[in-house]
Amino acid sequence: MELINQLLTFLANPPGNFIYNLVVPAILAGALQGAIGQWRATGYPQSQRMVLGLGLALAGQAVLLLLGILMYQNILPGLSVLPVLDRAVIVFSMAWILWVWAFPEPSRPADVVIVIASLVLLGAAVVGILERSMSPVAPNSFNASLQALLWSIGGLVVMLLGALALLLRRPQGWATGLAVATLGILGFTLDLFLTPAQGDFSGVMRFLMLAGYPLLLTLPMRFPMPVNFPKTRTVAAYQEKVSEARKREVETGETPSQPIRERRRYSTDPKTLQSLLLLAAETDPKNINQYIARSVAQSMLSDLCFLLYVGEDKSSIYIASGYDLIREESLEGGLLKKDEVPMLANAILRGRALRLPASTTSSDLKGLGDMLGLSNAGNLLNVPITSEKGIVGSFLLLSPYSNRVWSADDQTFLANIASSFVSIIERGKRIDEIRLERERARHAAEEAQAQMARLQAANADLNNQIETMKSQAEQAVRLTVERNEMTSKLAELQAENEKLRAQLESLSGGTTPVATNEQLENELRMTLREMARLQNALAESNMRILELENKTSPSASLTTEQAEVIASISQELRQPMSSIIGYADLLLGESVGILGALQRKFIERIRASTERIGSLIDDLIQISTLETGLMSLKPEPVDLNLIIDNAMAYTSSQLREKNITLRIDIPENMPPLHTDREALQQILIHLLQNAGAASAVEGTVTLRVRTQRKNGNEYALIQVTDTGGGIPKEDLPRVFSRLYRADNVLIQGVGDTGVGLSIAKALTEAQGGQIWVDTEMGAGSTFNVLLPFKQPADDHKAG
């Protein structure tokens, strides 16, 4: 016991102080040298954290040693503050050492806590130094001060927290770390009770720290180092060795602590060459990815190899394919959950290589093990695949069966292999994208065809209804003719009846024989019966005519339900047509491949035809709303110049295709029109579209606006003139009829489908206006629209 007391006293006083402050930095320097060597050899993130923690601890001890030497030699004043620095450095060093031991992998919460704790310790040291240096009297023994008590309690808290973290996390080598923490807890606890009041330093604390510091030399040994092994010649031999090791593991129930010894890490045996030949001849993207993973696994003699791709958004990562070298089977891909493998995801997205040793506390290895169904993912090697465009993906190698440690040579070799696969990977991705786009275009086309079929069926139903109404109208005309004939015949019978009555009255006063009178009465009776029959038939015909007239009334030619069906089908057609236009634009942009001249021409035709279908659908919806009277017109003050600009913008592409010149003639001070804005714009669009379609290539279309006074009211006269050669006089009555295309051949000088002009006429008349056409054969036609500047305030229904 007396020897221990002498030792404690020796460590707490010179020259024991100097010896303690030399031994501790020497031990830390040895541990730091081992960590640096491991970091250079492996590049492990764990080794980098060890270098950081041990470096800070060594820096604290070195600063303490230097200041102690200078103060004891009276080169620097302030010898009284040296005990404060001694306690602060001890707590600071142990905090960083326990941080390295308990959290070998990056942990944001733990990193934040250690930084905050370091700042708190630094602040406490500054306060303690100021308190000791600014004391008006000479400071008493530091061991008897409140500061010494507080530093001991603070150190005890730090050691307890470190021990708790080691027990909960149990990283590799946690037992040795727990021994260091236990010695620290014992040192700070005994310091509270056994350190004598006289003196400035704690001998018992220094003694137990010296007992624990040598254990730091084992810190870099927690993770394996790459080693050279005897030579194996083929993949089959390597697989046989791994299988034997796994069999021993199953029999003994113990995981081998050393990796499978394998000097020859790379293979070029026939299996590898066969995989490369299959890869060169493959065109299926899925098989390309499988053969790439298989070739790399066989070349690197890796238990598991995965090919990872970075998504187009540069934030998602997915496993394209994998290969199990030991079982010789391909593995399915899937989405990589970045939150479960943060270090791996960060390395892949930044295009950096990553090596991780097998660790029980690594969230990345645990996450990979959960995703792959492995209890131990083994050692990890990730090498990025980069191209001129940026990050393509990476190769991920794991050794769960052989526990092989990946070296810097392995990383360099795999990086060279990865650069050779870039062109093949990009080719496969382009093929996959083109095939995917084709599938999408095919589905969109099929959907459009189905929608078109439904629309054609609805159109056929409408045509059947129109034919039925036509037959009913013909029947009504026939009954009208029959009614007229019966009316004339009835009139003749009535006249004959009057004549017979007159004869009967004249004969009743004479001496006509009885037989003659009876004959006349019979004829009169028969005539009356015939007249009654004809009157009944006439009344029945009138009722049927009224019934048919009600059925064939223009306002009921299209019911509200039919209009809603047409509008619903038309709206459903918009989505597939938008998809067709979108994919056509994608192909024209050549983002999925270079187009030939003929291919570009065909795609441009597809796009133009689709836009034409969209325009026809808009016309169909407008016609259905006009037919049923569902369209509501809301008059408001409208700037005619703005409406004309919008109409010109809408039809400019059509005019540019035929190189047609558009001339505008509008008065400078044009008062606003009190009309429906949308209806007026539709009228101008349909007239300009008709003029552009009717005019020849490099023709001229003129839009002219004038004011006109008529019957005391102000009107706006809008005229659209084309150079389409004019309209024959016999076709003028059919220009504004929307059915002329179904009944007769095309009208010369009219470019409209037979729908647009009828819509323009209905919208014009619904606003109290007039529309007509003036034509000159050989020159062109002028469509005139006359609209009043003022209209009634209430809404009008277009019907």
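What counts, and at which threshold
Within each chain, residue numbers correspond to sequence positions counted from 1 in written order. Thresholds applied to this predicted model are a pLDDT of at least 70 for local features of residues and 80 or more for the giving and counting of side-chain atom pairs; totals over whole chains, interfaces and linings are not thresholded and use all residues. The side-chain quantities take in all heavy atoms of the structure and omit both hydrogens and water. Secondary structure is summarised from DSSP: a helix means a run of H or I of at least four residues, a strand means a run of E of at least two, and numbering begins at the N terminus for each. Any pair of residues with heavy atoms lying within 4.5 Å of one another is described as a contacting pair. Only the protein chains shown count as cover for residues, and all accessible areas are computed by the Shrake-Rupley method using a 1.4 Å probe. pLDDT expresses how confident the predictor is about each individual residue, on a scale running from 0 to 100. Take the number of residues in a helix, subtract one, and multiply by 1.5 Å to get its expected span. Bend at a given residue is defined as the angle between two axes, one fitted to the seven residues that end at that position and one fitted to the seven that begin there. Each residue's exposure class comes from its accessible area (1.4 Å probe, protein chains only) as a fraction of the maximum for that residue type: buried when under 20%, exposed when over 50%, partly exposed otherwise. Joining through side-chain atoms within 4.5 Å is the link that ties buried Ala, Val, Leu, Ile, Met, Phe, Trp, Tyr and Cys residues into a set, and such a set is a nonpolar core. Between any two strands, pairing holds if DSSP finds at least two bridges. Simply put, an axis is a line fit to the C-alpha atoms, just over the touching stretch for a helix, and the angle between two N-to-C directions goes from 0 to 180 degrees. Every patch collects residues that have over 30% relative accessible area and no salt bridge, joining them within 9 Å if they carry like charges and within 5 Å if they are nonpolar side chains (Val, Leu, Ile, Met, Phe, Trp, Tyr). Here a salt bridge means any side-chain nitrogen of Lys or Arg lying within 4 Å of a carboxyl oxygen belonging to Asp or Glu. Aromatic rings from Phe, Tyr and Trp, taking only the six-membered ring of Trp, are treated as a pair when their centres fall within 6.5 Å; an angle between ring planes under 30 degrees marks them as stacked, one over 60 as edge-to-face, and anything in between as tilted. Any pair of nitrogen or oxygen atoms within 3.5 Å is treated as a polar contact; in protein, a donor-acceptor pairing is required on top of that, and neighbouring residues in sequence qualify only through side-chain atoms on both sides. Oblique is the label for every angle not falling under 35 degrees (roughly parallel), over 145 degrees (roughly antiparallel), or within 65 to 115 degrees (roughly perpendicular). Definitions for this section: a left-handed crossing has its near helix turned counterclockwise from the far helix by less than a right angle. A right-handed crossing has that turn clockwise. Each residue receives one of three labels: charged for Asp, Glu, Lys and Arg, nonpolar for Ala, Val, Leu, Ile, Met, Phe, Trp, Tyr, Cys and Pro, and polar for the others, Gly being one of them.

Engineer: Run through the overall build of the protein chain, naming residues and quoting values.
Structural biologist: Per the secondary structure count, the protein chain includes 21 helices and 16 strands. Partitioning the contacts of the protein chain with sequence separation of at least 6, the portion at a separation of at least 24 is 72%. Of the accessible surface of the protein chain, which amounts to about 41300 Å², a share of 57% is contributed by carbon and sulfur atoms.

Engineer: Talk me through the confidence of the model for the protein chain; I want residue IDs and the actual numbers.
Structural biologist: Residues shown with low pLDDT carry predicted positions that ought not to be read at fine detail. Mean pLDDT over the protein chain: 79, with 77% of residues reaching 70 or higher. Under a pLDDT of 50 for its full length, residues 510–517 has, in the predicted model, two contacts with residues more than four places off or in other chains. Between residues 794–799, whose pLDDT stays under 50, and residues either more than four places distant or in other chains, the model counts 21 contacts.

Engineer: So what's going on with helix α18 (residues 640–657)? Which residues, and what values?
Structural biologist: For an α-helix, 3.6 residues make a turn, and residues three or four places apart therefore share a direction. Between the first and last C-alpha of α18 there are 26 Å, a value that for 18 residues agrees with the 26 Å anticipated at 1.5 Å per step. For α18, the principal kink sits at T651 and spans about 50°. For α18, the full list of buried residues reads L640, I643, I644, A647, T651 and L655. Trailing α18 by a residue or two, N659 shows a phi angle of about 55°, which is positive.

Engineer: Report on the nonpolar core, specifying residues and quantitative values.
Structural biologist: Among the nonpolar cores identified, the biggest contains 52 residues, and L28, L54, I97, W151 and Y213 are the most heavily contacted of them. Of all the secondary structure elements, the ones that give two or more residues to this core are α2 (16–42), α3 (45–72), α4 (82–102), α5 (108–133), α6 (146–169), α7 (174–194) and α8 (203–212). The element best represented in this core is α4, accounting for 14 residues. Beyond its immediate sequence surroundings of up to four residues, W151 is in contact with V84, R87, A88, V91, L121, A124, A125, F142 and F188. Judged by nonpolar contacts, the second largest core, of 41 residues, contains I660, I683, L688 and V755.

Engineer: So what's going on with the sheet that holds strand β15 (residues 780–788)? Which residues, and what values?
Structural biologist: As summarised here, the arrangement of the five strands in space is β10-β12-β13-β15-β14, forming an open sheet in which the pairing is mixed. Across the chains shown, the open sheet's two edge strands, defined by having one partner strand only, are β10 (661–665) and β14 (770–776). Adjacent strand axes in the sheet meet at a mean angle of 20°, parallel and antiparallel pairs treated alike.

Engineer: Would you mind going over a nonpolar patch on the surface in detail, with residue names and values included?
Structural biologist: Residues L7, F10, F18, I19, L22, V23, I69 and F207 make up a contiguous nonpolar surface patch of roughly 630 Å² in combined accessible area. Contributions of two or more residues to the nonpolar patch are made by α1 (2–12) and α2. A per-element tally of the nonpolar patch places α2 first, with four residues. Along the chain, the position of V23 falls in helix α2.

Engineer: Kindly report on unusual backbone geometry, identifying the contributing residues and their values.
Structural biologist: The amide bond that connects P14 to the next residue, P15, takes the cis arrangement and shows omega of 0°. Along the chain, P15 falls in the loop between α1 and α2. Positioned with a positive phi, N403 is a non-glycine residue whose angle comes to about 55°. Positionally, N403 belongs in the loop between β7 (390–398) and α14 (408–508).

Engineer: Tell me about the packing of aromatic side chains, and please be specific about residues and values.
Structural biologist: Under the definition given, this model contains five aromatic pairs. Taken together, a centroid distance of 5.9 Å and an interplanar angle of 70° make the contact between F395 and F421 edge-to-face. Taken together, the residues span a long stretch of sequence, with F395 in strand β7 and F421 in helix α14 at a distance of 26 residues. For F395, a relative accessible area of 0% corresponds to the buried category. Summarising the aromatic geometry, the rings of F736 and F783 are spaced 6.0 Å apart at their centres and angled 85° between planes, so their arrangement reads as edge-to-face. Of this pair, F736 sits in the loop between β13 (713–721) and α20 (740–743) while F783 sits in strand β15, placing them 47 residues apart in sequence. Three or more aromatic residues link up through ring pairs in this structure, and these residues are F92, W96 and W99.

Engineer: Can you lay out the side chain of S695 for me, pointing to particular residues and giving the numbers?
Structural biologist: The residue S695 is located in the loop between α19 (677–694) and β12 (700–710) in this model. Among the polar contacts made by the side chain of S695, one reaches the main-chain amide nitrogen of T723 at a distance of 3.3 Å. If near-sequence neighbours (up to four positions away) are discounted, S695 is found in contact with K658, I660, T700, V701, D722, T723 and G724.

Engineer: Account for the pattern of salt bridges, with residues named and values stated.
Structural biologist: Throughout the structure, instances matching the rule amount to 13 salt bridges. Between R327 and D324 there is a salt bridge, with its nearest N and O atoms 2.9 Å apart. The salt bridge partner of R704 is D665, with a shortest N-O separation of 3.8 Å. Linking R704 in strand β12 with D665 in strand β10, this pair joins segments that are 39 residues apart in sequence. Take R704: its relative accessible area is 25%, and that puts it in the partly exposed class.

Engineer: Quick rundown of the packing of α6 against α7? Include the residues and the values.
Structural biologist: Relative orientation of the contacting elements α6 and α7 amounts to 160°, with a least axis distance of 9 Å. Looking at the two axes, α6 sits roughly antiparallel to α7. Of the two elements, α6 crosses α7, and the hand of that crossing is left-handed. Where α6 abuts α7, its residues L149, W151, S152, I153, G155, L156, M159, L160, A163, L166 and L167 lie against W174, G177, L178, V180, A181, G184, I185, F188, T189, D191 and L192. Residue composition of the contact of α6 with α7, by class: 16 nonpolar, five polar and one charged.

Engineer: Outline α19, supporting the account with residue identities and numerical values.
Structural biologist: Taking 1.5 Å as the rise per residue, α19 with 18 residues should run 26 Å; its terminal C-alpha atoms sit 26 Å apart, in good agreement. Counting buried residues along α19, 15 of its 18 residues qualify, which places the element largely inside the surrounding structure. If you check the start of α19, you find a side-chain oxygen 3.2 Å away from the backbone N of E678, and it comes from D676.

Engineer: Tell me what's going on with the pairing of β15, and back it up with residues and numbers.
Structural biologist: Within β15, nine of the nine residues are buried, which leaves it mostly tucked inside the rest of the structure. Of the two faces of β15, the one holding G780, T782, N784, L786 and P788 and the one holding S781, F783, V785 and L787 are both buried throughout. Relative to β15, β13 runs antiparallel, the two being bridged by seven bridges. Within the sheet, the bridge partner assigned to Q719 lies in β15 and is N784.

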